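Topology and contacts: notes
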Amino acid sequence: MMRKQRFIVDVSADNAVRVVSIVGDEFDAAVSDRATTLLLGDRAPRFVGSYREDDGGKRVYRLRLRRLDPDSYDRFQWNDILRETARSLLSDVYCRSIPNFEQKWDSLVQSDQVDLEFTRRWLLQQAPIYLEQLGLRTDELLGPRLRDLKAAEREKHLEEHEGVPHSRRKGAAREDTLRRQLESLLQSDAGIADRIRAKVRDKLSTKDEYTPDSVAFELFQNADDAATELRECHRPPREASSEERRFTARETPDGVVFLHRGRCINQHQLGEADCTDRGFGQDLEKMLVLQSSDKQQGIMHVPVTGKFGLGFKSTFLVCDEPRLWSGRLRCRIHGAFLPIRDDQPCESIDPFFTAAHDTWPATAIVLPLRQDQESHDILVRFRALAPLQSVFARSLSSIEIHTGNHSQKSSWAPTRFPGCVGVEVGLPHGAGSALPAGTRACVVRADGADDSRAGALFLLGRRGFLPVPDGVPTLWATTPTRECLELGVVINGQFSVHTGRARLADHPEVNGAVA
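Residues numbered from 1 in each chain as written. Predicted model: local features only at pLDDT ≥ 70, side-chain atom pairs only at ≥ 80, totals over all residues. Heavy atoms only, no water.

1. Description of the pairing of strand β18 (residues 440-445)
- By the bridge criterion, 4 bridges tie strand β17 (residues 423-426) to β18 in an arrangement that is antiparallel. Pairing of Gly 426 across the sheet is with Ala 441, part of β18.
- Taken together, the 6 bridges between β18 and strand β19 (residues 455-461) define a ladder with antiparallel strand orientation. Bridge pairing links Val 443 to Leu 457 in β19. (Pairing = 2+ DSSP bridges. Helix = DSSP H or I, 4+ residues; strand = E, 2+ residues; numbered from the N terminus.)

2. Describing the packing of aromatic side chains
- Throughout the structure, instances matching the rule amount to 12 aromatic pairs.
- Measuring from ring centre to ring centre gives 5.5 Å for Trp 325 and Phe 353, while their planes differ by 70°; the resulting arrangement is edge-to-face. Of this pair, Trp 325 sits in strand β10 (residues 323-326) while Phe 353 sits in the loop between β12 (338-341) and β13 (363-367), and the two are 28 residues apart along the sequence.
- In this structure Trp 325 comes out as buried when scored by relative accessible area, which is 2%.
- Taking relative accessible area as the criterion, Phe 353 reaches 13% and is therefore assigned buried.
- Positioned above the aromatic ring of Phe 280, the side-chain terminus of Arg 263 is 3.6 Å from the ring centre.
- For the cation-ring pair, Arg 330 lies above Phe 353, with the distance from its terminal atom to the ring centre recorded as 4.7 Å. (Phe/Tyr/Trp six-rings, centres within 6.5 Å; stacked < 30°, edge-to-face > 60°. Buried < 20%, exposed > 50% of the residue type's maximum accessible area, 1.4 Å probe, protein only. Lys NZ or Arg CZ within 6 Å of the ring centre and 35° of its normal.)

3. Some words on the pattern of salt bridges
- Applying the stated criterion across every chain yields a total of 36 salt bridges.
- Notably, a salt bridge pairs Arg 62 with Asp 10, separated by 2.9 Å at the nearest N-O pair. In this pair, Arg 62 sits in strand β5 (residues 56-66) while Asp 10 sits in strand β1 (residues 5-12), placing the two residues 52 residues apart along the sequence.
- On the basis of relative accessibility, which here comes to 33%, the residue Arg 62 falls in the partly exposed class.
- Each of Asp 80, Arg 83, Glu 84, Arg 87 and Glu 102 takes part in one network of salt bridges that share partners. (Salt bridge = Lys/Arg side-chain N within 4 Å of Asp/Glu carboxyl O.)

4. Observations concerning the sheet that holds β10
- Ordered in space as β12-β11-β10-β13-β7-β6-β14-β15, the 8 strands form an open sheet in which the pairing is mixed. Across the chains shown, the open sheet's two edge strands, defined by having one partner strand only, are β12 and β15 (406-411). Direction aside, neighbouring strands of the sheet carry axes that sit 15° apart on average.
- Pairing between strand β7 (residues 255-260) and β13: 5 bridges, direction antiparallel. Paired with Phe 258 across the strands is Ile 365, a residue of β13.
- On top of the sheet, helix α9 (residues 375-392) reaches β6 (246-252), β7, β14 (398-403) and β15; it is set at about 155° to β14, its chief contact. (Axes fitted to C-alpha atoms, helices over the stretch in contact; angles between N-to-C directions. Contact = heavy atoms within 4.5 Å.)

Listed below in structure tokens is the structure:
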């Protein structure tokens, strides 16, 4: 039946619609102010006629749809409108009654939450190995449970190897019981969560040399990578809007918020391009396991900055349970590695998820700060270096920072000169910047550096070149290292850096070639 249906669709913004009364008379009925469905007039579409094709007869109907302003309804109201439209089309056009329609619709709408549940289950299965990697095998609470679980796994293996009859095997049942007990603790015990977070923070700060003021740069780098992936991988190619090239850091009652509109987390379908082979559908699990990242690999190789998989994890230095909203994905991170569905409202970011339909969906990371952390300590260095950060980003061209009553906007919109390939002159600005007010910058890009944005930055005064102020990092790999060599210039390139990005890695041959 569905194969034989054809439709003529009218979209109407009229205030009245002609319908048929129960006695068969036609009259004009007023259109309600608030829509509950996209369909106008009689639920059953009006029959127009029929025609024949090579594969049989076709029946043609006329559908009248209501023109609605996308900004007049929130996402929950749109869900209701689309659900009722789908229900009417199925029942009155195709004569189909779908059992448990509400449940199936909710499952379709919450497909991102299915990814979340899969990731949570996968991480719980891998938890014993991950906890041992964190050094928790000797922990007084987790240690005995991890050792008992390992012993049960060994017992199960030996029973299978020795061919013990199934009726006499105990290892598998014991392993299952211990695993379920461990999973319950990981999801519900606050003390266990604190112990895991403490280990993660110790690794991030001691071994990887991260500090609270690293967080904003790490999240910016992740956002720039996401914007680059969207720009390079989307098919057909699409031009990013100014809003999609913006990164925002905002102090709010819900915590410090970081926002961007690059590729959403776990989003592998970009227009007509399926980027599953690049691991895009596994973002969340890679964000939550230490040293897990494959940004530099894949069939569709896109040059991005991140490669250690530690960017998001740095948030645990300043926050116990980050909240992560990306497209339709909603979760909070419990115990520094376990995603839990987030059903709580967040007024600080909700407007960004009900924006105009022609912009890419938003990603927001909300950090409710620990009591020993201040937003100033997290954002002060980022604010000072934001003008330079916008110069060296691959895809993001503007940065906004909003704290209290103060707002700073930094952008890079340089002038390029005919005949001077790779030379840009502009005004990197922003209150609180580490650069002198009114100073212009001259950037000389390396040959073929369109993707990496590699090059050198010089400051220009009224009488010529000026040295870059002391304290401004000399070496950058999209985001700044802490290498202040006081050379008077800033150099950006694809340097090999230490995991915490504070300094160059001990790879002189690689970094020498980049320089």
